Amino acid sequence: MPSVPSSSGSDSQIPDVHVGPIDLAARVDEALAVQALAFGLTEGEIGVRRQIVLRHLLAPGARAYGAVTGEGRLAGFVYGMPNERSHWWSTVVEPYLRAEGCDGWLDDSFVITELHVHPVFQGRGIGRTLITTITDVALQPRSILSAIDTESPARGLYRTLGYQDLARQVHFPSAAKPYAVMGAPLPLRRR
């Protein structure tokens, strides 16, 4: 199980965390609380996402990893699955990818469905450890994901791992902001 050391300086009181497989269905409410803080979700959005997460976890090959403190607190989580063109996400992004000549990325890819780190634990390499750990065991030769289409620490992290923009200004029906779809060959690039 990978360990992420506590940071030095003002955050030295933050405990070490360990990354490993988790039963996300059993911890869905705790994970969504992390996502709500990291992503700014409303109570209504949390309720909708709860059902989505539980449905995703039933997909063949779906798996989840968590960053857990010594006290058992969830500091962050990631989950994903082998992509299928019939998945709702794929049906939304496919026209955007096709317009860029990149729709082949929907085949034989592992999709990162969600990756979130509690704000108190951000900036310590937890997100990097979560995404590299889950993709290191993927059987697919590449990974895809979507992220809000703005220059953010998350997009910067994905770029350092080898993800490149495949399509930008992707509009999901329920999202106020446009997204970028990014893809990277596996294994992900290391520092």
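Since we're looking at a predicted model, the values are computed, not measured. (Residues numbered from 1 in each chain as written. Predicted model: local features only at pLDDT ≥ 70, side-chain atom pairs only at ≥ 80, totals over all residues. Heavy atoms only, no water.)

Examining the overall build of the protein chain
Scanning the protein chain from terminus to terminus reveals 5 helices and 8 strands. When the elements of the protein chain are put in sequence order from the N terminus, they spell out β-β-α-α-β-β-α-β-α-β-α-β-β. For 191 residues, the compact-globule estimate of 2.2 N^0.38 gives 16 Å, and the C-alpha radius of gyration of the protein chain, at 16 Å, lies within 12% of that figure. Considering only C-alpha atoms, the protein chain reaches an extent of 50 × 40 × 30 Å along its principal axes. When the 191 residues of the protein chain are sorted by exposure, 47% land in the buried category. (Helix = DSSP H or I, 4+ residues; strand = E, 2+ residues; numbered from the N terminus. Rg over C-alpha atoms; globule rule 2.2 N^0.38 Å. Buried < 20%, exposed > 50% of the residue type's maximum accessible area, 1.4 Å probe, protein only.)

Brief notes about the pairing of strand β8 (residues 179–185)
Counting buried positions along β8 gives 6 out of 7 residues, so the element sits mostly inside the fold. In the sheet, strand β6 (residues 142–148) pairs with β8 via 7 bridges, with the strands oriented antiparallel. By the bridge assignment, Leu 145 is partnered in β8 with Met 182. The pairing of strand β7 (residues 164–170) with β8 spans 4 bridges and is antiparallel. Paired with Gln 164 across the strands is Gly 183, a residue of β8. (Pairing = 2+ DSSP bridges.)

What about unusual backbone geometry?
Looking along the chain, the bond that leaves Leu 186 and enters Pro 187 is cis, with omega of 0°. With respect to the helices and strands, Pro 187 occurs in the segment after β8. The residue Asp 108 is not glycine, and still its phi comes out positive at about 55°. Along the chain, Asp 108 falls in the loop between α3 (88–99) and β5 (109–117). Residue Asp 108 is classed as partly exposed on the basis of its relative accessible area of 48%. One non-glycine residue with positive phi stands out, namely Gln 169, at about 55°. By the element assignment, Gln 169 lies in strand β7.

Observations regarding the nonpolar core
Grouped together as the largest cluster of nonpolar side chains are 32 residues, with contacts concentrated most on Leu 24, Phe 77, Trp 89, Val 93 and Leu 97. Put simply, the parts of the chain that give this core at least two residues each are α1 (28–39), α2 (43–56), β3 (63–69), β4 (74–82), α3, β7 and β8. A per-element tally of this core places α1 first, with 5 residues. Setting aside its immediate chain neighbours within four residues, Leu 97 contacts Cys 102, Asp 103, Leu 106, Leu 166, Ala 167 and Val 181. Residues Val 17, Ala 67, Val 78 and Ile 112 belong to the second largest nonpolar core, which totals 26 residues. (Core = buried A, V, L, I, M, F, W, Y, C linked by side-chain atoms within 4.5 Å. Contact = heavy atoms within 4.5 Å.)

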